[in-house]
Amino acid sequence: MEFSLFGYQFSLFPIILSLKVAGLSTLASLILGTFAARLLARRRSVCAAVIDSLCTLPMVLPPTVLGYYLILLLGRNGVFGPALRELGLQFMFSWQGAVVAATVVVFPLIYKSAKTALEQVDANVEKAARTLGASELTVFFSISLPLAARGILSGAMLAFARGMGEFGATLMLAGNIPGKTQTLALAIYDAFQAGNDALAACLVILTSGICAVILITADYLLGGSR
Amino acid sequence: MIDLTVQTTLKGKQGSFSLDIHLQSSADRLVLFGPSGSGKTLTLQMIAGLIHPRRGRIVVGDTVFFDSEKGIDMPTRLRRVGYVFQDYALFPHMTVWQNLAFALRRHKENHAAHTGFFSFLPARLEEKDGESIRRMLELLEITHLADRRPSQISGGQKQRVALARVLLIAPRVLLLDEPFAALDPLLRIRMRKEVSRILSDCGVPLIMITHDPEDVDAFADDLAVYANGGILAMEEDFRGRTLFAQDSLSYLTDILNRGGHADRPHGFDDV
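So, a few notes on the structure that sits alongside this text. Small disclaimer: the values here were computed from a predicted structure and weren't measured.

## Points about the packing of aromatic side chains
Item 1. The tally for this structure, following the rule as stated, stands at six aromatic pairs over all chains.
Item 2. Ring geometry for Phe180(B) and Phe219(B): centres 5.9 Å apart, planes at 20°, overall stacked. With a gap of 39 residues between them, Phe180(B) in the loop between β8 (173-177) and α6 (185-202) and Phe219(B) in helix α7 (residues 213-219) connect regions that are remote in the sequence.
Item 3. Judged by relative accessible area, which is 1%, Phe180(B) ranks as buried.
Item 4. On the basis of relative accessibility, which here comes to 0%, the residue Phe219(B) falls in the buried class.
Item 5. The lysine or arginine in question, Lys20(A), covers the ring of Trp95(A), its NZ or CZ lying 4.0 Å from the ring centre.

## Here we look at the interface of chain B and chain A
Item 1. Each side of the interface is counted separately: chain B has 23 residues, and chain A has 17 residues.
Item 2. The junction of chain B with chain A conceals about 1,600 Å² of combined surface from both sides, 72% of it contributed by carbon and sulfur atoms.
Item 3. Counting every contact that joins chain B to chain A gives zero salt bridges.
Item 4. If you look at where chain B meets chain A, you find three residue pairs in polar contact (both at pLDDT 80 or more).
Item 5. Broken down by secondary-structure element, the contributors of at least two residues to the side of chain B that touches chain A are α1 (40-48), α2 (76-79), β7 (81-84), α3 (96-111) and α5 (155-167) of chain B.
Item 6. Tallying contributions element by element places α3(B) first for the side of chain B that touches chain A, with five residues.

## Some details on the pattern of salt bridges
Between side chains of opposite charge, a pair can form when the charged atoms approach closely.
Item 1. This model, assessed by the stated rule, comprises 22 salt bridges over all chains.
Item 2. Put simply, Asp52(A) and Lys115(A) hold a salt bridge, and the shortest N to O gap is 3.3 Å. One end of the pair, Asp52(A), is in helix α2 (residues 46-60); the other, Lys115(A), is in helix α5 (residues 95-120), with 63 residues separating them in the sequence.
Item 3. Looking at Asp52(A), the relative accessible area reads 15%, which means it is buried.
Item 4. Of the charged contacts, one joins Arg192(B) and Asp212(B) as a salt bridge, the two residues approaching to 3.0 Å between their closest N and O atoms. Pair noted here: Arg192(B) is in helix α6 and Asp212(B) is in the loop between β9 (206-210) and α7, with a separation of 20 residues, a long-range link.
Item 5. On the basis of relative accessible area, Arg192(B) is assigned to the buried category, the value being 10%.
Item 6. For Asp212(B), a relative accessible area of 17% corresponds to the buried category.
Item 7. Overlapping salt bridges bring together Glu141(B), Arg160(B), Glu194(B), Arg197(B) and Asp201(B) as one network.

## Observations concerning a nonpolar patch on the surface
Item 1. Residues Val46(A), Val50(A), Leu54(A), Leu57(A), Met59(A) and Val60(A) make up a contiguous nonpolar surface patch of about 590 Å² in total accessible area.
Item 2. Here Met59(A) shows up in helix α2.

## Focus on the sheet that holds strand β5 (residues 63-67) of chain B
By definition, the strands of a sheet pair up through backbone hydrogen bonds, in either a parallel or an antiparallel sense.
Residues and elements named next belong to chain B.
Item 1. In spatial order, the strands read β2-β1-β4-β5-β6; together these five strands make up an open sheet with antiparallel pairing. Only two strands of the sheet have a single neighbouring strand rather than two, namely β2 (15-25) and β6 (72-73).
Item 2. For strand β4 (residues 55-60) and β5, the ladder comprises four bridges, and the chain directions are antiparallel. Within β5, the residue paired with Ile58 across the bridge is Phe66.
Item 3. Those strands touched by α1 are β1 (2-12), β2, β4 and β5, and its axis lies near 115° from that of β1.

## Concerning the packing of helix α9 (residues 184-193) of chain A against helix α10 (residues 197-221) of chain A
Residue and element names in this part refer to chain A.
Item 1. It is at 8 Å that the axes of α9 and α10 come closest, and there the two elements cross at 160°. Classed by the angle they form, the pair α9 and α10 counts as roughly antiparallel. The chirality of how α9 crosses α10 is left-handed. Mapping the contact onto sequence places Leu184, Ala187, Ile188, Ala191 and Phe192 in α9 and Asp197, Leu199, Ala200, Leu203, Val204, Thr207 and Ile210 in α10.
Item 2. A breakdown of the residues in the contact of α9 with α10 according to their chemical character gives ten nonpolar, one polar and one charged.

## Here we look at the packing of α2(A) against α5(A)
Residue and element names in this part refer to chain A.
Item 1. It is at 7 Å that the axes of α2 and α5 come closest, and there the two elements cross at 130°. By the angle between their axes, α2 is oblique relative to α5. In this structure, α2 crosses over α5, and the sense of that crossing is left-handed. Residues Asp52, Cys55, Thr56, Pro58 and Met59 of α2 lie in contact with α5, whose contacting residues are Val104, Phe107, Pro108, Leu109, Tyr111, Lys112 and Lys115.
Item 2. Residue composition of the contact of α2 with α5, grouped by class: eight nonpolar, one polar and three charged.

## Details of the sheet that holds strand β10 (residues 222-227) of chain B
Residue and element names in this part refer to chain B.
Item 1. The strand order across the open sheet built from six strands is β7-β8-β9-β3-β10-β11, with neighbouring strands paired in mixed fashion. Every other strand in the sheet has two partners, leaving β7 and β11 (230-235) as the edge strands with one partner each. Across the sheet, the mean angle from the axis of one strand to that of its neighbour is 15°, orientation sign disregarded.
Item 2. α6 contacts β3 (29-33), β8 and β9 of the sheet and is inclined by roughly 140° relative to β3.

## Description of the nonpolar core
Item 1. Counting 89 residues, the largest nonpolar core has Leu32(B), Ile47(B), Leu174(B), Leu175(B), Ile207(B) and Leu223(B) as the members making the most contacts within it.
Item 2. Setting aside residues no more than four positions away along its own chain, Ile47(B) makes contact with Ile2(B), Leu4(B), Ile58(B), Val60(B), Phe65(B), Arg79(B), Val81(B), Leu175(B) and Ile207(B).
Item 3. Judged by nonpolar contacts, the second largest core, of 16 residues, contains Phe10(A), Met164(A), Leu184(A) and Ile210(A).

## A look at the environment of Ala182(B)
Residue and element names in this part refer to chain B.
Item 1. Turning to its location among the elements, Ala182 is positioned in the loop between β8 and α6.
Item 2. The class for Ala182 is exposed, based on a relative accessible area of 59%.
Item 3. The spatial distance from the C-alpha of Ala182 to the C-alpha of Asp87 is 8.1 Å, given a sequence separation of 95 residues.

## A short note on the pairing of β10(B)
All names here are of chain B.
Item 1. With respect to burial, β10 is a largely interior element, six of its six residues being buried.
Item 2. What you see with β10 is no split at all: Asp222, Ala224 and Tyr226 on one side and Leu223, Val225 and Ala227 on the other are buried throughout.
Item 3. As judged from the four bridges shared by β3 and β10, these two strands associate in the parallel manner. Paired with Leu30 across the bridge in β10 is Asp222.

About the cut-offs
- Residues numbered from 1 in each chain as written.
- Chains lettered and ligands numbered in written order.
- Predicted model: local features only at pLDDT ≥ 70, side-chain atom pairs only at ≥ 80, totals over all residues.
- Heavy atoms only, no water.
- Phe/Tyr/Trp six-rings, centres within 6.5 Å; stacked < 30°, edge-to-face > 60°.
- Helix = DSSP H or I, 4+ residues; strand = E, 2+ residues; numbered from the N terminus.
- Buried < 20%, exposed > 50% of the residue type's maximum accessible area, 1.4 Å probe, protein only.
- Lys NZ or Arg CZ within 6 Å of the ring centre and 35° of its normal.
- Contact = heavy atoms within 4.5 Å.
- Buried area = accessible area lost by both parts, 1.4 Å probe.
- Salt bridge = Lys/Arg side-chain N within 4 Å of Asp/Glu carboxyl O.
- Polar contact = N/O pair within 3.5 Å; in protein donor to acceptor, adjacent residues only side chain to side chain.
- Patch = residues over 30% accessible without salt bridge, like charges linked within 9 Å, V, L, I, M, F, W, Y side chains within 5 Å.
- Areas by Shrake-Rupley, 256 points an atom, 1.4 Å probe, with all protein chains shown as cover.
- Pairing = 2+ DSSP bridges.
- Axes fitted to C-alpha atoms, helices over the stretch in contact; angles between N-to-C directions.
- Parallel < 35°, antiparallel > 145°, perpendicular 65-115°, else oblique.
- Left-handed = near helix turned anticlockwise from the far one by under 90°.
- Nonpolar A, V, L, I, M, F, W, Y, C, P; charged D, E, K, R; others polar.
- Core = buried A, V, L, I, M, F, W, Y, C linked by side-chain atoms within 4.5 Å.

So, in structure tokens, the structure goes:
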């Protein structure tokens, strides 16, 4: 899997891995983030405020700190290490680890936008559904979720673009193994460190292009922000 | 028709509000009249189960909705009350037809034979259900709006849709919250007549909130006058006894004097 640009040969692997990691982590965060947002939307208790902060924390913490926590939890000697080994799951130095790291990093983006979108749904419309005989499940899937969908999806697009560029947490947990866990962002760092400036520049342009296309597509699909 | 005794205290940004209501009426049409913030909407929300009183008992017809002593608290979705919100609360992402179909589906799930392995799936609508929706659209004279969205119809039309939607669940009682306040005066007169006609057609008992004396004249068999989280006066067989719209001021002054309320309720300061 190689292609050439300006006379240089590139491996396609980092691009495909980055798309796979960004896609899967966005999907996982979409489910987890929307679920968390549903639980915490319109709650005003102290407990809810604490959990809300915890859900937002990955957005402000340095990715290396997140990576460190993930190693403590998922590493070979980590809290869940033995249990994961039983299940045959290996997150250290594997592409699955890159997905987990990216999921944690992009989670707050989706959680925040989903929570805002769900809170903006007219409460009376949800109450009307309840008085008409709808269960909480029906209220959520037939009323709240469709009405909040645009907000949640725009969060997901941001998350995907952010996931494409994830570096720190991925490096800590999954490492930087060419052909195995080396994503676009890591490949750029490698190329630059090795003094291969032309390769780095090409990958930088490629990454910028992909992210720009994603954001423009998102804007178009969601009917524009205006 | 309704027997309600509730006590509760709500804490809000402007301090706490306490509600202490005893409301009993066997009339088909009960009007709750009073100024904004006197607890009328809270009463409706408690009947619908959207707010839970601290203690009390709510009985509609023969059905006990709430009884704090016996620990009864029927969930909102099973209470089958036709609550028409002040802003109508139509589902903005559905057409008029889909709004009505939503109600009918839920009614089938909760009250018809919707059991078995697939009962977690939404109820399916059959040919005769489509017929029920069509008949309801005809009754409310909104057949031509079936494919429109709520954002594409007028206020009066939204009200008809909201009424059609709640009538499809065969409500035990219709709860109307300031139904005509948002309409222009000419439409208001027409919709009063329409709602009156539909109520007689369907035989559903009504509890209506209003602060418009004209509504009292048009609807009140029984009248409950609210002020400050309590009921100031309860009038039975009120209809035709007085032209409330013309005499409401002297009537209210009268009950304020007659009731011997040392503390004049704040709500009526501006009457």
